[in-house]
Amino acid sequence: MKLGSSPRATLIGDVVGSRHATDRSELHLVVASALHRVVAGAIDPPAFTVGDEFQGSYPTAGAAIDAALSLRLAVAPDIDVRFGIGWGTVTILDADAGIQDGPGWWAARDAIKQTAEAQRQPGFTLVRTTFRAGDDTRADVAAVNAALICRDHLLGSLDERSLRILRGLMTGRTKKELAADEGISPSAVSQRAGRDGLDLIVLASQYLRSLP
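Conventions adopted
Along each chain, numbering runs from 1 in the same order as the chain's sequence is written. Under the rules for a predicted model, residues below a pLDDT of 70 receive no local features and side-chain atom pairs below 80 are neither given nor counted, while totals for whole chains, interfaces and linings still include all residues. In computing side-chain values, all of the structure's heavy atoms are included and hydrogens and water are not. Put simply, DSSP H or I for four residues or longer makes a helix, DSSP E for two residues or longer makes a strand, and each gets a number counted from the N terminus. Between the two quantities, the radius of gyration covers C-alpha atoms and the globule rule is 2.2 Å times the number of residues to the power 0.38. The buried label applies to any residue whose accessible area, calculated with a 1.4 Å probe on protein chains only, is under 20% of its type's maximum; exposed applies above 50%, and partly exposed to all values in between. Residues are treated as being in contact if the distance between any of their heavy atoms lies within 4.5 Å. Counted as positive: Lys and Arg. Counted as negative: Asp and Glu, with His and the chain ends omitted from the count. For charged residues, the charge sits on one atom: NZ in Lys, CZ in Arg, CG in Asp, CD in Glu. Expected helix span is computed as 1.5 Å times (number of residues minus one). Taken from the helix axis, the directions to the C-beta atoms give the arc we talk about. Here, a salt bridge means any side-chain nitrogen of Lys or Arg that lies within 4 Å of a carboxyl oxygen of Asp or Glu. What we call a nonpolar core is a set of buried Ala, Val, Leu, Ile, Met, Phe, Trp, Tyr and Cys residues that are connected through their side-chain atoms within 4.5 Å.

Draft legend 1. Spatial organisation of the overall build of the chain. Secondary structure assignment for the chain yields eight helices and six strands. For the chain, the sequential pattern of α-helices and β-strands runs β-α-β-β-α-β-β-α-β-α-α-α-α-α. Computed over C-alpha atoms, the radius of gyration of the chain comes to 17 Å, within 12% of the 17 Å expected from 2.2 N^0.38 for 212 residues, which places it in the range of a compact globule. For the chain, buried positions account for 46% of its 212 residues. For the chain, the proportion of contacts with a sequence separation of at least 24, taken over those separated by at least 6, is 66%. For the chain, the distance from the average position of its 23 positive side-chain charges to the average position of its 25 negative side-chain charges is 4 Å.

What follows is the structure, given as C-alpha cells:
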C-alpha cells in the first residue's frame, strides 16, 4: 500500500569491490558506524538494504551530497564507496520493508549505475558521485555534476595524511591544530592544503551543501 509521496533527495550508495574484502563482517560494521553519523536531518536515515548497498533520503540535494562526502571521508582510505543521488518524488510502498518507488528513487538508481559506468572509463576512474533528477523541475543537474566530478577527482588523488587533514578542516579545526596532530609545521599543512586542493574541497563542499 502506498503511504504517501514527497519530493526529496534519495541517496543510494554501495561499497566498491566489496566482494574482495578480506573481512566482510568488519567492513559492514565500519560502514554501519559511518551511516549513523549522517542521520541528522535525514527524512529516511541511511541504512543497509541489500548486501553492501545502503539507502537514505534528505530534504535537499545539498544535504544528500554533504552526507555522501561525510560517509566517504569516514571510511577512506580503507573502504571505497560510490553514490547515486536522485531528486524527485518518492512513494513509500512499504515502510516496514523500506520499499520505495517513484521518479526520485529511480533517478538515484540510474545515478549510481552511471557512477559505476563512469569508473570504468579512462579519465573518469575517480568519479564516485552522480546526481540525477526524476523530473524537469531542476535546471542545475549538469552544473552540480560538473562540481561533483571535479571534487571526486581531487578526493581520489589524496594520500592518507591529506585525507586526515581534510577531515579536520571539514569539522572546523585550524591548520595549527592539525599540524600538531600530524607532528609537522603549520606551514607544511598550509602548503599541502594548497598543493592538494584541500581548501578548494572545503569551499566547494560549502557551496554544494547550500543546494536546495
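Draft legend 2. Up close: helix α4 (residues 141-156). Given a rise of 1.5 Å per residue, 16 residues ought to cover 22 Å, and the 22 Å separating the end C-alpha atoms of α4 matches this to within 8%. Those residues of α4 lying buried are Val141, Val144, Asn145, Leu148, Arg151, Asp152 and Leu155. In an axial view of α4, the angular spread of the buried residues amounts to 130°, which keeps them on one side of the axis. Turned more than 90 degrees off the buried face of α4, the exposed positions are Ala142 and Ala143.

Draft legend 3. Representation of the environment of Thr137 within the structure. Among the secondary structure elements, Thr137 is positioned in the loop between β6 (129-133) and α4. Residues Thr137 and Ser185, spaced 48 residues apart in sequence, show a C-alpha to C-alpha distance of 49 Å.

Draft legend 4. Geometry of unusual backbone geometry. Going from Ala76 to Pro77, the amide bond is cis rather than trans, its omega being 0°. By secondary structure assignment, the location of Pro77 is in the loop between α2 (61-75) and β4 (81-94).

Draft legend 5. Examining the environment of Ala40 more closely. One can find Ala40 in the loop between α1 (24-36) and β2 (44-48). Taking the C-alpha atoms as reference, Ala40 lies 13 Å from Leu71; in sequence the two are 31 residues apart.

Draft legend 6. A look at the pattern of salt bridges. As enumerated under the stated definition, the model contains 16 salt bridges in all. Here Arg164 and Glu182 are joined by a salt bridge, their closest N and O atoms 2.8 Å apart. Within this pair, whereas Arg164 is found in helix α5 (residues 160-170), its partner Glu182 is found in helix α6 (residues 175-182), the two being separated by 18 residues in sequence. Relative accessible area serves as the criterion here: at 36%, Arg164 is assigned to the partly exposed category. Measuring nitrogen to oxygen at the nearest pair gives 3.0 Å for the salt bridge that ties Lys175 to Asp199. Separated by 24 residues along the polypeptide, Lys175 in helix α6 and Asp199 in helix α8 (residues 198-209) bring together distant segments of the chain. Beyond isolated ion pairs, a larger network of salt bridges with shared partners links Asp159, Arg192, Arg195 and Asp196.

Draft legend 7. Layout of the nonpolar core. Counting 29 residues, the largest nonpolar core has Leu11, Leu71 and Phe131 as its most contacted members. Put simply, the parts of the chain that give this core at least two residues each are β1 (5-15), α1, β3 (53-58), α2, β4 and α4. Residues contacting Leu71, with those up to four places away along its chain left out, are Leu11, Ala34, Leu35, Val38, Phe54 and Phe83.

Draft legend 8. Representation of helix α7 (residues 186-196). Among all positions of α7, only Val189, Arg192, Ala193 and Asp196 are buried. Within α7, the buried residues cover an arc of 100° as seen down the axis, which keeps them to one side. Opposite the buried face of α7, at more than 90 degrees from it, the exposed residues are Gln191, Gly194 and Arg195. Against the buried residues of α7 lie α4, α5, α6 and α8. A positive backbone phi angle near 75° is found at Gly197, which sits one or two residues after α7.

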